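A closer look at the structure
Given next are the chains, with one letter for each unit.
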Amino acid sequence: MTVEREAPADIGLPEGRRHPWHRYVALGDSFTEGIGDPDPDNPGRHRGWADRLAEELSHGTEDFAYANLAIRGRLLGRILDEQLEPALELQPDLVSISAGGNDLLRPGSDPDALALRLDAAVGRLADAGATVLLFNGPDIGSTPVLSAIRGKVAIYNENLRVVAARHDAVVADMWGLRQLSDPRMWDTDRLHFSPLGHHTIAIMALEALNVRHGLEPMEPSPVPARTWRAARTEDLVWAREYFVPWVIRRLRHKSSGDGILAKRPTAEPVFGAGAPLGSGEPS
(Lines give C-alpha, C1' and ligand atoms only; values in the text may rest on other atoms or scores of the structure.)
Protein backbone atom coordinates (compact mmCIF):
# COMPACT_ATOMS: atom_id res chain seq x y z
CA MET A 1 0.00 0.00 0.00
CA THR A 2 1.42 3.36 -0.99
CA VAL A 3 0.94 6.81 0.46
CA GLU A 4 -0.84 8.11 -2.64
CA ARG A 5 -3.22 5.92 -4.63
CA GLU A 6 -5.42 6.79 -7.55
CA ALA A 7 -8.13 4.21 -6.86
CA PRO A 8 -10.39 4.79 -3.85
CA ALA A 9 -10.01 2.37 -0.94
CA ASP A 10 -13.47 0.85 -1.40
CA ILE A 11 -12.93 -0.47 -4.95
CA GLY A 12 -13.74 -4.20 -4.97
CA LEU A 13 -15.18 -4.16 -1.44
CA PRO A 14 -18.71 -5.21 -0.47
CA GLU A 15 -21.36 -2.51 -0.70
CA GLY A 16 -21.19 -0.16 2.29
CA ARG A 17 -17.50 -0.87 2.98
CA ARG A 18 -15.05 1.99 2.47
CA HIS A 19 -11.78 0.31 3.45
CA PRO A 20 -10.27 -3.17 3.87
CA TRP A 21 -9.51 -3.08 7.62
CA HIS A 22 -11.26 -4.89 10.46
CA ARG A 23 -8.97 -4.42 13.46
CA TYR A 24 -7.13 -1.18 14.24
CA VAL A 25 -4.54 -0.78 17.01
CA ALA A 26 -3.02 2.61 17.92
CA LEU A 27 0.44 2.86 19.53
CA GLY A 28 2.10 5.95 20.93
CA ASP A 29 2.19 8.64 23.59
CA SER A 30 -0.10 11.49 24.70
CA PHE A 31 -0.78 12.52 21.11
CA THR A 32 -2.42 9.19 20.34
CA GLU A 33 -3.97 8.86 23.80
CA GLY A 34 -5.86 12.05 22.98
CA ILE A 35 -4.56 14.47 25.61
CA GLY A 36 -5.89 17.97 24.93
CA ASP A 37 -9.21 16.62 23.65
CA PRO A 38 -11.33 15.92 26.75
CA ASP A 39 -14.59 14.06 26.22
CA PRO A 40 -17.37 16.45 27.34
CA ASP A 41 -19.73 13.52 27.95
CA ASN A 42 -17.24 11.54 30.05
CA PRO A 43 -15.28 13.67 32.55
CA GLY A 44 -11.66 12.62 32.90
CA ARG A 45 -11.65 10.80 29.58
CA HIS A 46 -9.99 11.81 26.33
CA ARG A 47 -10.97 11.27 22.70
CA GLY A 48 -8.30 12.49 20.30
CA TRP A 49 -7.66 11.90 16.63
CA ALA A 50 -7.31 8.09 16.99
CA ASP A 51 -10.78 7.67 18.53
CA ARG A 52 -12.23 9.89 15.82
CA LEU A 53 -10.41 7.87 13.16
CA ALA A 54 -11.68 4.58 14.61
CA GLU A 55 -15.24 5.88 14.74
CA GLU A 56 -15.12 6.72 11.05
CA LEU A 57 -13.47 3.43 10.10
CA SER A 58 -16.14 1.51 11.99
CA HIS A 59 -18.96 2.79 9.77
CA GLY A 60 -20.00 0.08 7.32
CA THR A 61 -17.78 -2.58 8.91
CA GLU A 62 -19.84 -4.58 11.39
CA ASP A 63 -16.90 -6.57 12.78
CA PHE A 64 -14.58 -3.58 13.18
CA ALA A 65 -12.62 -3.42 16.47
CA TYR A 66 -10.25 -0.83 17.92
CA ALA A 67 -7.57 -0.83 20.62
CA ASN A 68 -5.53 2.13 21.83
CA LEU A 69 -2.36 1.25 23.76
CA ALA A 70 -0.89 4.78 23.86
CA ILE A 71 0.18 6.28 27.19
CA ARG A 72 1.14 9.89 27.76
CA GLY A 73 4.78 10.78 28.36
CA ARG A 74 6.19 7.63 26.80
CA LEU A 75 9.54 7.71 25.02
CA LEU A 76 9.98 5.69 21.85
CA GLY A 77 11.87 2.90 23.62
CA ARG A 78 9.11 2.32 26.17
CA ILE A 79 6.43 2.54 23.49
CA LEU A 80 8.08 -0.26 21.54
CA ASP A 81 9.03 -2.29 24.62
CA GLU A 82 5.56 -2.08 26.18
CA GLN A 83 3.16 -1.76 23.26
CA LEU A 84 4.60 -3.63 20.26
CA GLU A 85 4.14 -7.20 21.49
CA PRO A 86 0.61 -6.57 22.87
CA ALA A 87 -0.27 -4.97 19.54
CA LEU A 88 0.97 -7.99 17.58
CA GLU A 89 -1.00 -10.31 19.88
CA LEU A 90 -4.19 -8.45 18.92
CA GLN A 91 -3.54 -9.44 15.27
CA PRO A 92 -4.36 -6.02 13.74
CA ASP A 93 -4.60 -5.36 10.03
CA LEU A 94 -4.12 -1.61 10.61
CA VAL A 95 -1.66 -0.08 13.09
CA SER A 96 -0.81 3.55 13.70
CA ILE A 97 2.44 4.60 15.35
CA SER A 98 3.35 8.08 16.50
CA ALA A 99 6.52 7.96 18.61
CA GLY A 100 9.74 9.85 19.10
CA GLY A 101 8.40 13.33 19.81
CA ASN A 102 9.12 13.13 23.53
CA ASP A 103 12.61 11.85 22.76
CA LEU A 104 13.36 14.78 20.47
CA LEU A 105 12.57 17.17 23.32
CA ARG A 106 15.48 15.70 25.29
CA PRO A 107 18.93 17.29 24.86
CA GLY A 108 21.28 15.06 22.92
CA SER A 109 18.56 12.97 21.29
CA ASP A 110 19.53 11.47 17.93
CA PRO A 111 16.79 11.45 15.24
CA ASP A 112 18.80 8.94 13.18
CA ALA A 113 19.06 6.44 16.04
CA LEU A 114 15.36 6.86 16.86
CA ALA A 115 14.36 6.16 13.27
CA LEU A 116 16.58 3.08 13.15
CA ARG A 117 14.78 1.54 16.11
CA LEU A 118 11.38 2.49 14.74
CA ASP A 119 12.29 0.90 11.41
CA ALA A 120 12.69 -2.51 13.04
CA ALA A 121 9.29 -2.23 14.74
CA VAL A 122 7.53 -1.15 11.56
CA GLY A 123 9.15 -4.06 9.78
CA ARG A 124 7.74 -6.53 12.31
CA LEU A 125 4.22 -5.09 11.99
CA ALA A 126 4.38 -5.08 8.20
CA ASP A 127 5.67 -8.66 8.15
CA ALA A 128 2.68 -9.63 10.31
CA GLY A 129 0.39 -8.36 7.55
CA ALA A 130 -0.66 -5.01 9.02
CA THR A 131 -0.91 -1.74 7.14
CA VAL A 132 1.19 0.74 9.16
CA LEU A 133 0.22 4.41 9.46
CA LEU A 134 3.18 6.55 10.53
CA PHE A 135 2.84 10.11 11.80
CA ASN A 136 5.67 12.52 11.20
CA GLY A 137 6.12 15.63 13.36
CA PRO A 138 4.41 18.97 12.72
CA ASP A 139 6.32 22.07 11.70
CA ILE A 140 6.71 23.75 15.10
CA GLY A 141 8.77 26.67 13.80
CA SER A 142 6.27 29.23 15.09
CA THR A 143 5.48 27.37 18.32
CA PRO A 144 6.92 28.71 21.58
CA VAL A 145 9.53 26.42 23.23
CA LEU A 146 9.07 23.60 20.70
CA SER A 147 10.59 25.68 17.89
CA ALA A 148 14.04 24.97 19.35
CA ILE A 149 13.89 21.37 18.09
CA ARG A 150 12.52 22.15 14.62
CA GLY A 151 15.69 20.97 12.91
CA LYS A 152 15.70 17.60 14.67
CA VAL A 153 12.02 17.10 13.85
CA ALA A 154 12.75 17.77 10.16
CA ILE A 155 15.57 15.19 10.13
CA TYR A 156 13.39 12.64 11.91
CA ASN A 157 10.59 13.25 9.42
CA GLU A 158 12.85 12.52 6.48
CA ASN A 159 13.98 9.32 8.15
CA LEU A 160 10.34 8.33 8.65
CA ARG A 161 9.73 8.66 4.93
CA VAL A 162 12.58 6.24 4.31
CA VAL A 163 11.11 3.82 6.87
CA ALA A 164 7.70 4.11 5.21
CA ALA A 165 9.16 3.42 1.77
CA ARG A 166 11.04 0.36 3.05
CA HIS A 167 7.92 -1.23 4.51
CA ASP A 168 5.20 0.12 2.22
CA ALA A 169 3.73 2.13 5.11
CA VAL A 170 1.47 5.18 4.87
CA VAL A 171 2.67 8.55 6.13
CA ALA A 172 0.22 10.92 7.82
CA ASP A 173 1.95 14.19 6.98
CA MET A 174 1.70 16.45 10.02
CA TRP A 175 4.51 18.67 8.72
CA GLY A 176 2.47 19.46 5.61
CA LEU A 177 -0.69 20.20 7.60
CA ARG A 178 -0.35 23.98 7.53
CA GLN A 179 -3.47 24.48 9.67
CA LEU A 180 -1.44 23.36 12.69
CA SER A 181 0.41 26.69 12.67
CA ASP A 182 -2.79 28.26 14.02
CA PRO A 183 -2.48 28.57 17.84
CA ARG A 184 -6.14 27.54 18.14
CA MET A 185 -5.09 24.04 17.04
CA TRP A 186 -3.10 23.71 20.28
CA ASP A 187 -4.17 23.13 23.86
CA THR A 188 -3.54 25.71 26.57
CA ASP A 189 -0.38 23.83 27.58
CA ARG A 190 1.09 24.54 24.08
CA LEU A 191 2.40 20.97 23.98
CA HIS A 192 -0.73 19.03 22.98
CA PHE A 193 -3.43 19.60 20.42
CA SER A 194 -6.85 21.06 21.15
CA PRO A 195 -10.11 19.33 20.14
CA LEU A 196 -9.95 21.37 16.93
CA GLY A 197 -6.40 20.13 16.30
CA HIS A 198 -7.30 16.48 16.95
CA HIS A 199 -10.33 16.77 14.65
CA THR A 200 -8.22 18.31 11.88
CA ILE A 201 -5.55 15.62 12.25
CA ALA A 202 -8.19 12.85 12.12
CA ILE A 203 -9.39 14.20 8.76
CA MET A 204 -5.81 14.28 7.47
CA ALA A 205 -5.18 10.69 8.63
CA LEU A 206 -8.35 9.40 6.97
CA GLU A 207 -7.34 11.10 3.73
CA ALA A 208 -3.82 9.64 4.00
CA LEU A 209 -5.47 6.21 4.19
CA ASN A 210 -7.65 7.21 1.22
CA VAL A 211 -10.87 6.50 3.13
CA ARG A 212 -14.08 8.37 2.38
CA HIS A 213 -15.42 9.83 5.62
CA GLY A 214 -18.08 12.06 7.12
CA LEU A 215 -15.88 14.47 9.08
CA GLU A 216 -16.17 18.12 8.08
CA PRO A 217 -13.56 20.78 8.80
CA MET A 218 -14.37 22.75 11.95
CA GLU A 219 -14.27 26.54 11.93
CA PRO A 220 -12.16 27.82 14.82
CA SER A 221 -13.54 30.57 17.01
CA PRO A 222 -12.10 34.03 16.27
CA VAL A 223 -9.07 34.98 18.34
CA PRO A 224 -9.89 37.98 20.54
CA ALA A 225 -7.60 40.97 20.23
CA ARG A 226 -4.95 41.11 22.96
CA THR A 227 -2.61 43.81 24.11
CA TRP A 228 1.11 43.15 24.35
CA ARG A 229 0.82 43.22 28.14
CA ALA A 230 -2.00 40.65 28.13
CA ALA A 231 0.00 38.34 25.86
CA ARG A 232 3.06 38.52 28.14
CA THR A 233 0.85 37.83 31.17
CA GLU A 234 -0.48 34.72 29.43
CA ASP A 235 3.10 33.63 28.76
CA LEU A 236 3.98 33.95 32.44
CA VAL A 237 0.89 31.99 33.51
CA TRP A 238 1.70 29.29 30.96
CA ALA A 239 5.30 29.04 32.17
CA ARG A 240 4.19 28.69 35.80
CA GLU A 241 1.38 26.19 35.21
CA TYR A 242 2.82 24.03 32.41
CA PHE A 243 6.44 24.64 31.46
CA VAL A 244 8.02 24.68 34.94
CA PRO A 245 6.21 21.47 36.05
CA TRP A 246 7.33 19.83 32.81
CA VAL A 247 10.96 20.77 33.46
CA ILE A 248 10.73 19.55 37.07
CA ARG A 249 9.42 16.16 35.91
CA ARG A 250 12.36 15.87 33.51
CA LEU A 251 14.86 16.68 36.28
CA ARG A 252 13.25 14.13 38.59
CA HIS A 253 13.03 11.53 35.82
CA LYS A 254 9.27 11.41 36.25
CA SER A 255 6.67 11.03 33.53
CA SER A 256 3.12 12.29 33.21
CA GLY A 257 2.28 8.71 32.28
CA ASP A 258 3.50 7.14 35.54
CA GLY A 259 0.65 5.01 36.89
CA ILE A 260 -1.48 5.52 33.78
CA LEU A 261 -2.97 2.53 31.96
CA ALA A 262 -3.80 2.17 28.27
CA LYS A 263 -7.37 3.35 27.74
CA ARG A 264 -8.33 0.53 25.33
CA PRO A 265 -5.96 -2.40 25.91
CA THR A 266 -8.16 -4.83 23.99
CA ALA A 267 -9.71 -4.55 20.55
CA GLU A 268 -13.41 -3.80 21.00
CA PRO A 269 -16.27 -2.46 18.89
CA VAL A 270 -16.65 1.29 18.44
CA PHE A 271 -20.00 2.86 19.20
CA GLY A 272 -19.52 6.38 17.89
CA ALA A 273 -18.69 9.81 19.25
CA GLY A 274 -19.14 10.20 22.98
CA ALA A 275 -18.98 6.45 23.66
CA PRO A 276 -17.15 5.45 26.88
CA LEU A 277 -13.86 4.65 25.16
CA GLY A 278 -11.91 4.67 28.43
CA SER A 279 -9.95 7.30 30.30
CA GLY A 280 -6.57 5.67 30.65
CA GLU A 281 -6.70 6.41 34.37
CA PRO A 282 -5.95 3.54 36.75
CA SER A 283 -9.02 2.09 38.42
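Here the residue numbers are simple positions, counted from 1 along each chain's written sequence. The model is predicted, so local features are restricted to residues of pLDDT at least 70 and side-chain atom pairs to those at 80 or more, both for listing and for counting; the totals for chains, interfaces and linings are taken over all residues. Hydrogens and water are ignored here; the side-chain numbers use all heavy atoms of the structure.

1. Digging into the sheet that holds strand 3 (residues 94–98)
Strand pairing within a sheet occurs via backbone hydrogen bonds; the two strands may be parallel or antiparallel. Strand order across the open sheet formed by 6 strands is 5-4-3-1-2-6, with mixed pairing between neighbours. Where the open sheet ends on each side, the last strands, each with one partner, are strand 5 (170–172) and strand 6 (264–268). Mean inter-strand twist for the sheet, computed between neighbouring axes without regard to direction, equals 15°. Alignment of strand 4 (residues 131–135) against strand 5, held across 3 bridges, turns out to be parallel. Bridge pairing links L134 to V171 in strand 5. Whether two strands pair depends on DSSP finding at least two bridges between them. Segments assigned H or I by DSSP are reported as helices when at least four residues long, segments assigned E as strands when at least two residues long, and all are numbered from the N terminus. Axis angles are defined between N-to-C directions and span 0 to 180 degrees, where every axis is a line fitted to C-alpha atoms and, for a helix, only to the segment in contact.

2. A look at unusual backbone geometry
Even without being a glycine, D168 presents a positive backbone phi close to 55°. With respect to the secondary-structure elements, D168 resides in the loop between helix 6 (150–167) and strand 5. In the Ramachandran plot, N210 falls in the positive-phi region, its phi being about 60° despite a non-glycine side chain.

3. Quick look at helix 3 (residues 76–89)
Here, expected helix span is obtained from the residue count minus one, scaled by 1.5 Å. The terminal C-alpha atoms of helix 3 lie 20 Å apart, and with 14 residues this matches the ideal 20 Å at 1.5 Å per residue to within 8%. By definition, a residue's bend is the angle between the axes fitted to the seven residues ending there and the seven starting there. Maximum bend of helix 3: about 40°, positioned at Q83, with proline P86 one to four residues after it. Listed as buried for helix 3 are L76, G77, I79, L80, Q83, L84, A87 and L88. Note on contacts: a residue pair is in contact if any heavy atoms of the two residues lie within 4.5 Å. The elements touched by buried residues of helix 3 are strand 1 (23–28), strand 3, helix 4 (101–104), helix 5 (111–127) and helix 6. Count one or two residues on from helix 3 and you reach Q91, which has phi positive near 50°. Under the scheme applied here, a residue whose accessible area is under 20% of the maximum for its type counts as buried, over 50% as exposed, and between as partly exposed, the area being computed with a 1.4 Å probe on protein chains only.

4. Observations concerning the packing of aromatic side chains
Between the rings of Phe, Tyr and Trp (Trp by its six-membered ring), a pair exists once the centres lie within 6.5 Å; its type follows the angle of the planes, with under 30 degrees stacked, over 60 edge-to-face, and the other angles tilted. Under the defined criterion, the tally for this structure stands at 6 aromatic pairs. Ring geometry for Y24 and Y66: centres 5.3 Å apart, planes at 15°, overall stacked. Taken as a pair, Y24 in strand 1 and Y66 in strand 2 (residues 65–68) lie far apart in primary sequence, 42 residues in all. Both residues of the pair, Y24 and Y66, belong to the buried class. Relative to F193, the ring of W186 has its centre 4.4 Å away and its plane inclined at 35°; by these criteria the two rings are tilted. Pair check on accessibility: W186 and F193 agree, each one buried.

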